[in-house]
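# Breakdown of the fold
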Amino acid sequence: MIKVSVIYPNDAGNTFDWNYYVDKHMAMVRQKLGGALLRSEIDEGIGGAAPGSAAHFVAAVHMYFDSLEAFGAAFGPHAKEILGDVPNYTNVKPVTQISKPR
């Protein structure tokens, strides 16, 4: 199993439309990735380690797939449409990491 995390840094001047992201973008992503997407989790950053400090990331999504190949086969044909939707909800350049859960 692999986990694909897309993380949105929380920098000054960033905008992020949560309603669009959850209701439209992620709904579209789930539909496009189909059964290859085993599950997903969306996180909203609410704070840093120090009390009262800002979160380092405004948002993150973690998506689980059976393998890197399963992710590539599901994402590849829809990459342009999925990535092209990002400016509709944020001006943040997301960071992507692919991990192996332990």
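Everything in this summary refers to the structure shown in the same document. Predicted model, so just to flag it, every value in this text is computed and none were measured.

## Observations regarding the overall build of the chain
Across its full length, the chain holds three helices and four strands. Start at the N end of the chain and walk to the C end: the helices and strands fall as β-α-β-β-α-α-β. If one aligns the C-alpha atoms of the chain with their principal axes, the spans along those axes are about 40 × 35 × 20 Å. Out of the 102 residues in the chain, the part that is buried amounts to 33%. Taking as baseline every contact in the chain between residues at least 6 positions apart, the subset at least 24 positions apart corresponds to 77%. Total accessible area on the chain stands at roughly 6200 Å², and carbon and sulfur atoms take up 55% of it. Once the 9 positive and 10 negative side-chain charges of the chain are each reduced to a mean point, those two points are 6 Å apart.

## As for the pattern of salt bridges
Opposite charge on two side chains permits pairing when their charged atoms draw close. Per the stated rule, a full pass over the model turns up two salt bridges. The shortest N-O distance in the salt bridge between Lys-32 and Glu-81 comes to 3.3 Å. With a gap of 49 residues between them, Lys-32 in helix α1 (residues 18-33) and Glu-81 in helix α3 (residues 79-84) connect regions that are remote in the sequence. The class of Glu-81 is partly exposed, set by a relative accessible area of 43%. Between Arg-39 and Glu-41 there is a salt bridge, with its nearest N and O atoms 2.4 Å apart.

## Focus: the sheet that holds strand β1 (residues 2-9)
Pairing in this open sheet of four strands is antiparallel, and the strands run β2-β3-β1-β4 from one edge to the other. Each of the sheet's edge strands pairs with one partner strand only, and the pair in question is β2 (39-44) and β4 (95-99). Across the sheet, the mean angle separating the axes of adjacent strands is 15° when strand polarity is ignored. Here β1 pairs with strand β3 (residues 57-65) via eight bridges, running antiparallel. Opposite Ser-5, over in β3, you have His-62 as the bridge partner. Across the sheet, helix α2 (residues 68-75) touches β1, β3 and β4, and the angle it forms with β1 is around 60°.

## Brief notes about the packing of aromatic side chains
The tally for this structure, following the rule as stated, stands at eleven aromatic pairs. Relative to Trp-18, the ring of Phe-16 lies with its centre 4.9 Å away and its plane at 55°, an arrangement referred to as tilted. Both rings, one in Phe-71 and one in Phe-75, keep their centres 5.3 Å apart while their planes meet at 15°; by these two values the pair is stacked. Here Phe-71 pairs with Phe-75, and both are found in helix α2, just four residues apart, close to one helical turn. For Phe-71, a relative accessible area of 12% corresponds to the buried category. Grouping aromatic residues by their ring pairs yields a cluster made of Tyr-8, Phe-16, Trp-18, Tyr-20, Tyr-21 and Tyr-89. Across the ring face of Tyr-64, the terminal group of Arg-39 is positioned such that the distance to the ring centre comes to 3.9 Å.

Conventions used here
- Residues numbered from 1 in each chain as written.
- Predicted model: local features only at pLDDT ≥ 70, side-chain atom pairs only at ≥ 80, totals over all residues.
- Heavy atoms only, no water.
- Helix = DSSP H or I, 4+ residues; strand = E, 2+ residues; numbered from the N terminus.
- Buried < 20%, exposed > 50% of the residue type's maximum accessible area, 1.4 Å probe, protein only.
- Contact = heavy atoms within 4.5 Å.
- Areas by Shrake-Rupley, 256 points an atom, 1.4 Å probe, with all protein chains shown as cover.
- Lys, Arg positive; Asp, Glu negative; His and termini not counted.
- Charge placed at Lys NZ, Arg CZ, Asp CG, Glu CD.
- Salt bridge = Lys/Arg side-chain N within 4 Å of Asp/Glu carboxyl O.
- Pairing = 2+ DSSP bridges.
- Axes fitted to C-alpha atoms, helices over the stretch in contact; angles between N-to-C directions.
- Phe/Tyr/Trp six-rings, centres within 6.5 Å; stacked < 30°, edge-to-face > 60°.
- Lys NZ or Arg CZ within 6 Å of the ring centre and 35° of its normal.

Scope: geometric values only; no functional claims are made or implied.
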